[in-house]
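Understanding the architecture of this molecule
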Amino acid sequence: LAEELRHAQKMEAIGTLAGGVAHDFNNILTAIVGFGTLLQRSLKNDNPYRIYVEQILSAADRATNLVKRLLAFGRKQVISPHPTNLNDIVKGIEKLLHRLVSEDITFVTSLSREPLVCHVDAGQIDQILMNLVTNARDAMPDGGTLTVTTGSDFLEEDFFGPLEKGKTGYYAILTIADSGTGMDGETQERIFDPFFTTKEVGKGTGLGLSMVYGIVKQHDGFITVDSEPGKGTAVRIYLPIVATKETAERHETAIAAQGNQ
Ligand code: ADP
């Protein structure tokens with residue numbers, strides 16, 4: 001619990017700091033983009049200095065995107081959850097996810113036949129998927145296999161380790177697995193820390209997994225990570241399934257089956 005609390009406080013402090021810096025920085029960027037655009041417009045098309053102005057504007061554009069992400073990170077996200085079938089969310093964003101990865105990556109989606117109704121904000125789940133698929137892609141520069149799988153499980157009390165706080169019950173499981181570089185133990189310990197990245201400057205912000213962590217927490221879920229250097233990584237997102245007559249019946253069947261053992 002102390003570890004959880006330390007992490008939450010750290011996230012909070014960094015969020016506030018990032019938000020504050022991002023806000024001021026945004027004002028500076030407005031000046032750069034504004035005057036840059038004026039300068040660009042006042043230069044004739046054949047002016048040799050145009051290219052420099054365009055470079056400045058393009059860099060400012062990248063900075064603006066980064067600042068937007070920082071602002072979103074610093075802000076407490078207001079989520080609007082609705083009972084939604086997780087499989088429908090994956091189907092809805094599948095095409096876009098395919099477009100994120102290169103052709104030498106085999107992308108496999110395997111969805112459970114049963115509906116996985118969870119109380120979620122679909123837009124936030126899209127964010128999770130985009131972040132995890134991007135990470136999987138980056139871990140496979142020479143290609144490989146990326147799988148997105150959905151399923152469910154009834155979790156007993158003994159399932160929950162120190163980092164996997166959760167309540168006993170039915171969970172939907174969203175797994176994003178890759179056959180990429182994997183991570184050593186030292187890296188794995190730090191992946192949820194804001195700004196921790198092993199990617200080169202400009203490629204990674206180190207905010208992807210912190211965001212995923214925040215979203216999953218807000219949905220009363222939890223995350224597990226299995227990774228082996230040279231073999232690959234599987235990230236599992238567990239989200240509580242909305243209790244329905246069907247899940248209640250399955251629960252009873254599961255308990256009865258245990259009694260019979
Ligand atoms: P970023 O992607 O910007 O670096 P993240 O918070 O998403 O930020 O990830 C932090 C770090 O975790 C990455 O830089 C990388 O070292 C590691 N990582 C995350 N996902 C994977 C993966 N699927 N395979 C290998 N390493 C990963």
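Report follows, based on the coordinates. Just so it is clear, the model here is predicted, and its values are computed rather than measured.

1. A look at the overall build of the chain
Assigned secondary structure in the chain consists of seven helices and seven strands. Seen in sequence order, the chain has helices and strands lined up from the N terminus as α-α-β-α-β-β-α-β-β-α-α-β-β-α. Considering the chain as a whole, with its 261 residues, one finds that 25% of them fall into the buried category.

2. Notes on unusual backbone geometry
The phi torsion at F195 lies on the positive side, around 70 degrees, for a residue other than glycine. Along the polypeptide, F195 turns up in the loop between α5 (185-190) and α6 (208-218). Here the phi dihedral of D220 falls at roughly 60 degrees; this positive angle occurs in a residue that is not glycine. D220 sits in the partly exposed class, given 16 other C-beta atoms within 10 Å.

3. Concerning the environment of Y49
Along the chain, Y49 falls in the loop between α1 (2-42) and α2 (50-74). Residue classification places Y49 among the exposed positions, given that 10 C-beta atoms sit within 10 Å. Sequence-wise, Y49 and T233 are 184 residues apart; in three dimensions their C-alpha atoms are separated by 47 Å.

4. Remarks on the site of the ligand
Lining the immediate environment of the ligand, one finds 23 residues, of which A139, T197, G204, G208 and L209 sit closest. Counting only elements with at least two residues in the shell around the ligand, the list comes to α4 (122-138) and α6. Each residue belonging to the shell around the ligand can be placed in one class, and the counts come to seven nonpolar, 14 polar and two charged.

5. Topic: the pairing of strand β4 (residues 144-155)
Two strands pair when backbone bridges link them, and strand β2 (residues 105-110) and β4 are joined in this way by six bridges, in the parallel orientation. From the neighbouring strand, V108 faces β4, where its bridge partner is T147. Of the pairings in the sheet, the one linking β4 to strand β5 (residues 169-178) comprises 10 bridges and is antiparallel in character. Note on β5: the bridge partner recorded for T149 is T175.

6. Some remarks on the sheet that holds strand β6 (residues 222-228)
Sheet architecture is open: five strands sit in the order β2-β4-β5-β7-β6, paired in mixed fashion. If you trace the sheet from one side to the other, it starts and ends with β2 and β6, each paired once. Averaged over neighbouring strand pairs, the angle between their axes works out to 15 degrees when direction is ignored. Against the sheet, α4 makes contact with β2, β4, β5 and β7 (232-240), and its axis sits at roughly 35 degrees relative to β5, the strand it touches most.

7. Observations concerning the nonpolar core
As a rule of thumb, soluble globular proteins bury nonpolar side chains together. Among the nonpolar cores identified, the biggest contains 42 residues, and C118, L132, V133 and A172 are the most heavily contacted of them. The element contributing the most residues to this core is β5, with seven residues. Apart from the residues within four sequence positions on either side, A172 is in contact with L86, L116, C118, T150, S152, L239 and I241.

Quick notes on the rules
- Residues numbered from 1 in each chain as written.
- Predicted model: local features only at pLDDT ≥ 70, side-chain atom pairs only at ≥ 80, totals over all residues.
- Helix = DSSP H or I, 4+ residues; strand = E, 2+ residues; numbered from the N terminus.
- Buried ≥ 20, exposed ≤ 12 C-beta atoms within 10 Å, placed from the backbone.
- Near = placed C-beta within 6 Å.
- Nonpolar A, V, L, I, M, F, W, Y, C, P; charged D, E, K, R; others polar.
- Pairing = 2+ DSSP bridges.
- Axes fitted to C-alpha atoms, helices over the stretch in contact; angles between N-to-C directions.
- Contact = placed C-beta atoms within 7 Å.
- Core = buried A, V, L, I, M, F, W, Y, C linked by C-beta atoms within 7 Å.

Bear in mind that shape data such as this cannot, by itself, settle questions of function.
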